[in-house]
Amino acid sequence: MDMKERLQRLSENARRQIELATSPEKLNEARITYLGKKGELTALLKSMKEVAPEDRPKVGQMVNQARAQIEEMMEISRRQLEESIRAEQLKSEVIDVTLPAKKSLIGHRHPNTIALEEVERIFVGMGYEVVEGPEVEYADYNFTKLNIPEDHPARDEQDTFFINDRILLRSQTSPVQARKMEEGHLPIRMIAPGRVFRSDEVDATHSPSFHQIEGLVIDRHITFADLKGTLQEFARELFGPETRTKFRPHHFPFTEPSAEMDVSCFKCGGKGCRFCKGSGWIEILGCGMVHPNVLTMCGIDPEQYTGFAFGVGLERIALLKYEIDDMRLLYENDTRFLKQF
Ligand code: DAH
């Protein structure tokens, strides 16, 4: 077979394959087969040495022509393929601009989060740092180092979720106090918000999982006056400048003396209403001077340092501030409820 015939046959085969190519990928395969570096046309060129020297220019011209022809066929086919793909796309992606738009649902902050951010803002403004501790905690930190001995009723298995006899789900954020004191960097001014767990039945004011915010200040010469001044300021910032506070003696194992703080009812101003159940006061938090035993167990010399601590229920604040009368609403995640805040 002479060169001319071989070229014609090659062009013919290329044309057929190009016609059959139904996608850009198939077309590319054809390009590689005929025009590629290891393609048929290149192979043909390599066999030029078999051609008589005087015929070579002519045969070379024919090869170039064949190449140009195949390239042109490919270009035409490529354009046709692109056009039909585009047409298909336009058909399948019709946009009806008259349809009503899909509403995008943007979430927003939960009442608990709003209340927490408010509390954090107040204490950070007073120079406190915000720290965290583990939710799965050692009984040692949750109880022992907080001066709660083995036989104390607070350790009752009925109230606390134990994982084994050494590990539990923390029943309060107070263990973060012990962890922070053990780090040994004094003075300390911290709040520690977080989730706590108690084996309680769910009702309007109880949940097996809720949140507390712990507070701790340790420095030289800290007195009960510092505690009162700080918490009074906190109450005013949170509930309004008219808010009065009252400290009632109480007992917590890790503080001595201990107190509970009430705020004057921000609904009636203290006259007594349904909100404060007629008393004019609302109980808000537990607090006290850090017990010397706790300081000692956490590596701080009670002769050199003193401090105060407090614990607030976050849900309690959210419920009061937003006048929500059932705690369960905070956990049901009903957007009709949540989007009101
Ligand atoms: N941990 C206490 C509770 O869960 C609250 C509390 C009271 C924390 C007094 C304190 C404190 O730091 O000083 O009931």
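Up top you'll find the structure we're talking about.
As the structure is a computational prediction, the values presented were derived from the model and not from experiment.

1. Brief notes about the site of the ligand
Point 1. Surrounding the ligand, one finds 15 residues, the nearest of these being Gln172, Gln177, Arg198, Gln212 and Glu214.
Point 2. Take Arg198: an N or O atom from its side chain is 2.8 Å from an oxygen atom of the ligand.
Point 3. Side-chain polar atom of Glu214 to an oxygen atom of the ligand: 2.6 Å apart, as the coordinates give it.
Point 4. Look at the ligand: alone it shows 350 Å² of surface, and the protein chains cover 89% of it.

2. Focus: the pattern of salt bridges
Point 1. Under the defined criterion, the tally for this structure stands at 21 salt bridges.
Point 2. Here Lys180 and Glu183 are joined by a salt bridge, their closest N and O atoms 3.5 Å apart. Residue Lys180 and its partner Glu183 are both found in helix α7 (residues 175–183); the two are separated by 3 residues, about one turn of the helix.
Point 3. When its relative accessible area of 13% is taken as the criterion, Lys180 is described as buried.
Point 4. A salt bridge links Arg248 to Glu260; the nearest nitrogen and oxygen atoms lie 3.3 Å apart.

3. Things to note about the environment of Gln65
Point 1. By the secondary structure assignment, Gln65 is in helix α4 (residues 56–92).
Point 2. Under the relative-accessibility criterion, Gln65 is labelled exposed at 52%.
Point 3. Along the sequence, Gln65 and Leu227 sit 162 residues apart, while their C-alpha atoms lie 97 Å from each other.

4. Details of unusual backbone geometry
Working note: non-glycine residues mostly have negative phi, and peptide bonds are mostly trans.
Point 1. Following Leu186, the chain continues into Pro187 via a peptide bond in cis, with omega recorded as -5°.
Point 2. Mapped onto the elements of the fold, Pro187 is located in the loop between α7 and β4 (188–197).
Point 3. In this chain, Glu256 is followed by Pro257 through a cis amide linkage whose omega measures -5°.
Point 4. By secondary structure assignment, the location of Pro257 is in strand β7 (residues 255–264).
Point 5. Positioned with a positive phi, Lys277 is a non-glycine residue whose angle comes to about 55°.
Point 6. Examined against the element boundaries, Lys277 turns out to sit in the loop between β7 and β8 (281–290).

5. Section: a negative patch on the surface
Point 1. Negative charge collects at one region of the surface, where Asp156, Glu157, Asp159 and Asp165 lie side by side.
Point 2. As for its position among the elements, Asp159 is in the loop between α6 (139–142) and β3 (167–169).
Point 3. For Asp159, a relative accessible area of 37% translates into the label partly exposed.

Analysis parameters
Residues numbered from 1 in each chain as written. Predicted model: local features only at pLDDT ≥ 70, side-chain atom pairs only at ≥ 80, totals over all residues. Heavy atoms only, no water. Near = heavy atom within 4 Å. Polar contact = N/O pair within 3.5 Å; in protein donor to acceptor, adjacent residues only side chain to side chain. Areas by Shrake-Rupley, 256 points an atom, 1.4 Å probe, with all protein chains shown as cover. Salt bridge = Lys/Arg side-chain N within 4 Å of Asp/Glu carboxyl O. Helix = DSSP H or I, 4+ residues; strand = E, 2+ residues; numbered from the N terminus. Buried < 20%, exposed > 50% of the residue type's maximum accessible area, 1.4 Å probe, protein only. Patch = residues over 30% accessible without salt bridge, like charges linked within 9 Å, V, L, I, M, F, W, Y side chains within 5 Å. Lys, Arg positive; Asp, Glu negative; His and termini not counted. Charge placed at Lys NZ, Arg CZ, Asp CG, Glu CD.

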